[in-house]
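What follows is the residue order along each chain.
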Amino acid sequence: MINLVRVIPRLDIKGPNLIKGIQFDGHRVLGLAEEFAEIYYAEGADELIYQDAVASLYRRNGLVDVVKRVAEKVFIPITVAGGIRSVEDIRTLLRSGADKVAINTAAIESPELLSLGAREFGSQCIVSAIEAFRGSDGKYRCWVDYGREPTAVDAIEWAQRVVDLGVGEILLTSINYEGMGSGYDLDLIAAVASRVTVPLIACGGAGCVDDLAKAVAAGADAVSAASLFHYCYARPKPLRKTMQEVGGRLRMGEQIDAGNIDFLNHGYGGERAIMVEPSSIGNAKNKMSTAGVRVRDVH
Amino acid sequence: MKRVTIIDYGLGNLFNLETALRVVGADAVVTSDPAEAQRAERLVLPGVGAFGPGMKVLREKSFEPAIREFAASGRPLLGICLGMQFLMTESEEDGVHGGFDFIAGRVVRFESEQAGERVCKVPQISWNALVENERAERPWAESVLRDVPVGANMYFVHSYYVKTVSPAATVAYTEYGGQRYSSVVGQGNVHGAQFHPERSGAHGLHLLKNFLEL
């Protein structure tokens, strides 16, 4: 029997807000992160990823309070990423309600953090976050600090190494494809999937629901997407239809206290128009199912 | 309000379990005191990590006799994930280690390869379905699964699985990697769930609510 493929919205969080950029840049505020988390749970998300978007700036993960606040409303697994640098950091997040932590930058700097974490808390809660950039030579290299800093580490070799270090999962993001809405980097997914024995979460680039099944065909065990789902549930003030459809529980444009809120006030358009065909989680799962991918029916 | 005591022996993330129990109406308390665990009205034995070291910590912290006394009293006991595996006779995880033996059963590893071919990834990190065991001593409708739909998906994270000696001790099966294993067990006052009810959405919360009513 083939496994159920997990559908995992990824929430990039700055302060209390959900933000979204393109190739880790040009972020706009979409609303309050915890309200999106609640909606995604109700809509049938199988897990959630919370990425602290400013962790590398402050050299620490600032999501403890957000994680704690949603614990009473969201009863699916939560993976927290961004700025996790020590076993103590891992402990703090797990005690606050995170089920798993995803580590990139600190693991590249000191790989033993992954094995220490796996030994202390179990492989199941240590996720290796790999942000891969494909250079003009065709090789994938790991980038760190939220898609900002290149390293010389070969991403495919690193994926094999982190499994030996004891991680329980790999969260694989293509920097080239991230936020572009042109689909996942299927070459990257296939290259990693064929070499690792742990579950692989594909991330970066989903632009329409068909892309999800393609990532699964390439070897992903789970698919993560951000814009694809965010823009279905987030609508700027003049276009509140979707919010009303879900009961008006999202209060976009209110209680927003930081970042570029131009999108919320003025809507789409301009040079950074969204590049996806937004989909609800239910619609995405139905389409995946039609394409022969087994997904969890929430009802 | 129904009181539930959660054992804290230093392993695992109890915050979500405690929160979920509160949300379904329990007066949930976390304790690292064996005497308090022994006096509990209802007891939850959680756990993540490895079997051998886990049992060792339970022994060192004097929880083992407290849990045995509690189970013998007939009050409801729920083991979750590794906590369910502790209820069995023994585990093959890194050598053979004895468990509580409340339910006769063994804990064995998923084989990622069979006849040289990869059949599954280990650990299983996935939602997966519960299949009713019609030979259960405690039928689905009288177990912690009462009113949970047959076939419901729950969230599993594990590399080792339980096989009860008697099929009667298994309330529900789940299939993974070509194996059919016990995902919910129940015998007398002893209950167990291999998945994480606190992370399994509405169906998982329902299981916790049912435990309060037993």
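Starting from 1, residues in each chain are numbered consecutively following that chain's sequence as written. Labels are handed out in written order, letters beginning with A for the chains and numbers beginning with 1 for the ligands. Whole-chain, interface and lining totals are the exception, using all residues; otherwise, since this is a predicted model, local features are given only for residues with pLDDT of at least 70 and side-chain atom pairs are given and counted only at 80 or more.

It is not clear to me how the overall build of chain A should be interpreted in this structure. Could you clarify?
A helix here means a DSSP run of H or I that spans at least four residues, while a strand means a run of E at least two residues long, and both kinds are numbered starting from the N terminus. Within chain A one finds 13 helices and twelve strands. With C-beta atoms placed from the backbone, a residue counts as buried when 20 or more other C-beta atoms lie within 10 Å of its own, as exposed when 12 or fewer do, and as partly exposed for counts between those limits. For chain A, the proportion of its 299 residues judged to be buried stands at 55%. It is the C-beta atoms, placed from the backbone, that decide contacts: two residues are in contact if theirs lie within 7 Å. Of all intrachain contacts in chain A linking residues separated by at least 6 positions in sequence, the fraction that spans at least 24 positions is 67%.

So what exactly am I meant to see when it comes to the overall build of chain B here?
Counting its regular elements, chain B contains six helices and 16 strands. Expected size for 214 residues packed as a compact globule is a radius of gyration near 17 Å; at 16 Å, chain B falls within 12% of this value. Relative to its 214 residues, chain B shows a buried fraction of 56%. In chain B, of all internal contacts separated by at least 6 residues, the share reaching a separation of at least 24 is 70%. Radius of gyration here is computed from C-alpha atoms only, and the compact-globule reference equals 2.2 Å multiplied by the residue count raised to the power 0.38.

What is the right way to look at the interface of chain B and chain A in this model?
How big an interface is tends to be stated in terms of accessible area lost as the parts join. The interface of chain B with chain A comprises 24 residues on the first partner and 26 residues on the second. The element contributing the most residues to the side of chain B that touches chain A is helix α1 (residues 15-23) of chain B, with five residues. Each residue gets one of three labels, nonpolar for Ala, Val, Leu, Ile, Met, Phe, Trp, Tyr, Cys and Pro, charged for Asp, Glu, Lys and Arg, and polar for the others, Gly among them. Per-class residue counts for the side of chain B that touches chain A are ten nonpolar, ten polar and four charged.

So what exactly am I meant to see when it comes to the nonpolar core here?
Proteins that are soluble and globular tend to have nonpolar side chains buried together. Judged by nonpolar contacts, the single largest core of 169 residues is most densely connected at L48, Y50, V101, I170, L172 and V223 of chain A. Not counting the four nearest positions on each side in its chain, L172 of chain A is found in contact with I130, A132, L188, I189, V192, L200, I201, A202 and C203 of chain A. By definition, a nonpolar core groups buried Ala, Val, Leu, Ile, Met, Phe, Trp, Tyr and Cys residues that connect through C-beta atoms lying within 7 Å of each other.

Teacher, can you tell me more about unusual backbone geometry here?
Working note: non-glycine residues mostly have negative phi, and peptide bonds are mostly trans. Residue and element names in this part refer to chain B. Across the junction of V122 and P123, the peptide omega takes the value 5 degrees, indicating a cis bond. Inspection of the secondary structure puts P123 in the loop between β9 (117-118) and β10 (124-129). Phi is positive for C81, close to 60 degrees, though the residue is something other than glycine. Positionally, C81 belongs in the loop between β4 (77-80) and α5 (82-85).

Would you take a moment to explain the pairing of strand β16 (residues 190-193) of chain B for this structure?
Looking down a regular strand, the side chains alternate between one sheet face and the other. Residue and element names in this part refer to chain B. Burial along β16 is two-sided: V190 and G192 and H191 and A193, pointing in opposite directions, are all buried. A strand pair is defined by DSSP finding two or more bridges across the two strands. Strand direction decides the pairing type here: β4 and β16, joined by four bridges, are parallel. Residue pairing in the sheet places L78 in a bridge with H191 of β16. Here four bridges tie strand β15 (residues 179-187) to β16, and the two strands are oriented antiparallel to one another. Bridge pairing in β16 places V184 opposite A193. Joining the antiparallel neighbours β15 and β16 is a turn of two residues, in which G188 adopts a positive phi near 60 degrees.

How should I be thinking about the confidence of the model for chain B in this particular structure?
Any region with low pLDDT has predicted coordinates that should not be read closely. Scored by pLDDT, chain B comes out at a mean of 95, with 100% of its residues at no less than 70. The complex prediction reports pTM at 0.91, with the ipTM value standing at 0.92. pLDDT measures the predictor's confidence residue by residue and takes values from 0 up to 100.

In this structure, what is going on with helix α6 (residues 201-213) of chain B? I would like to understand it.
Residues separated by three or four positions in an α-helix point in the same direction, a consequence of the helix having 3.6 residues per turn. All names here are of chain B. Expected helix span is taken as 1.5 Å per residue step, with the number of steps being one fewer than the number of residues. For α6, built from 13 residues, the straight-helix expectation of 18 Å at 1.5 Å per residue is met to within 8% by its first-to-last C-alpha distance of 19 Å. Of all 13 residues that make up α6, ten are buried, and the element is covered over most of its length. If you check which residues of α6 are buried, you get G201, H203, G204, H206, L207, L208, K209, N210, F211 and L212. Contacts from the buried residues of α6 go to β1 (2-7), α1, β2 (26-31), β4, β12 (153-158) and β16.

Help me out: how do you make sense of the confidence of the model for chain A in this one?
Mean pLDDT over chain A: 87, with 86% of residues reaching 70 or higher. Overall, residues 238-254 of chain A carries pLDDT values under 50, and its contacts beyond four positions in sequence, including any with other chains, amount to 29 contacts.

Mind showing me how you'd approach the packing of helix α4 (residues 87-95) of chain A against helix α6 (residues 112-121) of chain A here?
Relative orientation and spacing of two packed helices are given, respectively, by the angle between their axes and the distance between those axes. Residue and element names in this part refer to chain A. Only the contacting stretch of a helix is used when fitting its axis, a line to C-alpha atoms as for every element, and angles between N-to-C directions run 0 to 180 degrees. Contact geometry for α4 and α6: axes closest at 10 Å, N-to-C directions at 45 degrees. Considering their axes alone, α4 and α6 lie oblique with respect to each other. The handedness of the crossing between α4 and α6 is right-handed. Here V87, I90 and L94 of α4 come into contact with α6, specifically with L116, G117, E120 and F121. Of the residues assigned to the contact of α4 with α6, the class counts are five nonpolar, one polar and one charged. Oblique is the label for any angle not covered by the other classes, which are roughly parallel (under 35 degrees), roughly antiparallel (over 145) and roughly perpendicular (65 to 115). Crossings are assigned a handedness: left-handed for a near helix turned anticlockwise from the far helix by less than a right angle, right-handed for a clockwise turn.

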